[in-house]
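Examining the three-dimensional arrangement
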Amino acid sequence: MESTCTDVKNELLSLANPERAVQVARFFKTGPGQYGEGDQFMGLSMPQQHTIARQYLHLSFTETELLVHDSFHECRMVGLLIWVNQNRRATLVQQEIILERYLANRRYVNNWDLVDVTCPHILGPHLMQGDRSLLYDLANEDHLWSQRIAIVSTLSLIRRGQFADTFAIAELLLAHKHDLIHKAIGWMLREVGKRSPNALEEFLHDHVRQLPRTTLRYAIERFDPARRRYYLNL
């Protein structure tokens with residue numbers, strides 16, 4: 001008999017840790033007016049969620065999508081991780097189908113961890129085909145998580161030594177008001193710097209005075225102390 005969304009959810013519930021759930025809910029800012037307002041947690045660790053996602057690799061697309069719609073954060077995470085794992089084994093046609101459903105359901109990809117551990121792997125194959133317009137469409141949406149998907153997805157390009165789209169999306173989002181975007185941009189710039197310090201410094205030379213302080217601190221985290229002080233004092 002084929003597994004169902006309910007089977008996965010029941011397994012997750014069997015591992016629930018109510019005390020940890022309270023701590024995690026606080027960490028992911030679930031209070032009134034916060035970015036994760038109202039989200040519910042079971043209290044599972046990420047290794048536990050990865051293990052269950054691997055166990056249910058062959059869960060049907062329909063049942064996986066039901067997981068992604070669930071009110072529990074861990075159900076959504078496991079559903080998205082199943083898509084990530086399926087995507088690694090998929091044909092190009094299948095990858096485009098997964099990407100289409102991922103984007104259609106991105107209102108459920110509604111916290112930074114859900115974005116960060118999934119979007120580079122699901123958007124990456126599409127971006128490798130050469131069409132980067134999707135990144136700009138997402139960056140220009142008035143939707144926090146779509147914008148974070150746009151910048152974090154460039155990690156798949158950075159890992160291949162391609163930085164132009166990271167810089168372009170960063171420029172589009174530099175005036176963003178939310179610190180989750182400031183942190184994401186800084187993270188991606190730091191990733192560029194790991195591979196090409198010169199490319200990062202060229203970007204900083206042009207934009208350092210426009211960068212939110214959080215972005216700058218993230219971007220220069222790996223610089224030596226003297227170089228960090230130099231940029232922080234500009």
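From a predicted model like this one, the values you see are computed outputs, not experimental measurements.

Take the environment of Y218 next. Within the element layout of this structure, Y218 appears in helix α15 (residues 213–219). Sequence spacing of Y218 and W187 is 31 residues, and the spatial spacing of their C-alpha atoms is 5.8 Å.

Mapping N87 onto the fold places it in helix α5 (residues 73–88). With residues near it in sequence (within four places) discarded, N87 still touches Q95, I98, H121, I122 and P125.

Attention shifts here to helix α14 (residues 197–207). Residues that lie three or four places apart on an α-helix share one face, since the helix turns once every 3.6 residues. Of the positions making up α14, those classed as buried are A199, L200, F203, L204 and H207. What you see down the axis of α14 is that its buried residues fit within an arc of 135 degrees, all on one side. Away from its buried face, by an angle of more than 90 degrees, α14 presents the exposed residues N198, E202, H205 and D206.

As assigned here, the protein comprises domain 1 (1–110) and domain 2 (130–233). When each unit is reduced to the centre of its C-alpha atoms, the spacing between domain 1 and domain 2 is 27 Å. For the pair domain 1 and domain 2, the summed buried area comes to about 680 Å², and 73% of that belongs to carbon and sulfur atoms. Its largest share of buried area at the contact with domain 2, domain 1 owes to Y35, L103 and R106, together 66% of the area lost on that side. Among the residues forming the side of domain 1 that touches domain 2, the class breakdown is 5 nonpolar, 1 polar and 1 charged.

Following the criterion strictly, the structure yields 11 salt bridges and no others. For D70, the salt bridge goes to K9, with nearest N and O atoms at 3.0 Å. Placement of D70 in the loop between α4 (61–68) and α5 and of K9 in helix α1 (residues 5–14) is noted, with a sequence separation of 61 residues between them. What makes K9 partly exposed here is its relative accessible area of 21%.

For the rest of this paragraph, the subject is the packing of helix α10 (residues 144–153) against helix α12 (residues 164–173). In contact at an axis separation of 9 Å, α10 and α12 are set at 150 degrees when each is read in the N-to-C sense. With respect to their mutual orientation, α10 and α12 come out roughly antiparallel. Residues Q147, A150 and I151 of α10 pack against T166, I169, A170 and L173 of α12.

In this structure, Y102 and L123 are the most contacted members of the largest nonpolar core, which totals 71 residues. Lining this core are residues from two domains, each supplying at least three of them: domain 1 (1–110) and domain 2 (130–233). The contact partners of L123, leaving out residues within four places of it in the chain, are L99, Y102, L103, L134, L135, L138, I149 and S153. A21, V24, F28 and F41 belong to the second largest nonpolar core, which has 5 residues in total.

The final tally for this structure, using the stated rule, is 9 aromatic pairs. When the centroid spacing of 6.0 Å and the interplanar angle of 70 degrees are considered together, the rings of F27 and W112 count as edge-to-face. Placement of F27 in helix α2 (residues 18–27) and of W112 in helix α7 (residues 112–116) is noted, with a sequence separation of 85 residues between them. Aromatic pair F223 and Y231: ring centres 5.8 Å apart, planes at 55 degrees, arrangement tilted. One exposure class covers both F223 and Y231, and it is buried. Three or more aromatic residues joined by ring pairs form one cluster here, namely F27, F28, F41 and W112.

The rules behind the values
Residues numbered from 1 in each chain as written. Predicted model: local features only at pLDDT ≥ 70, side-chain atom pairs only at ≥ 80, totals over all residues. Heavy atoms only, no water. Helix = DSSP H or I, 4+ residues; strand = E, 2+ residues; numbered from the N terminus. Contact = heavy atoms within 4.5 Å. Buried < 20%, exposed > 50% of the residue type's maximum accessible area, 1.4 Å probe, protein only. Arc of directions from axis to C-beta. Domains from an automatic or database assignment. Buried area = accessible area lost by both parts, 1.4 Å probe. Nonpolar A, V, L, I, M, F, W, Y, C, P; charged D, E, K, R; others polar. Salt bridge = Lys/Arg side-chain N within 4 Å of Asp/Glu carboxyl O. Axes fitted to C-alpha atoms, helices over the stretch in contact; angles between N-to-C directions. Parallel < 35°, antiparallel > 145°, perpendicular 65-115°, else oblique. Core = buried A, V, L, I, M, F, W, Y, C linked by side-chain atoms within 4.5 Å. Phe/Tyr/Trp six-rings, centres within 6.5 Å; stacked < 30°, edge-to-face > 60°.

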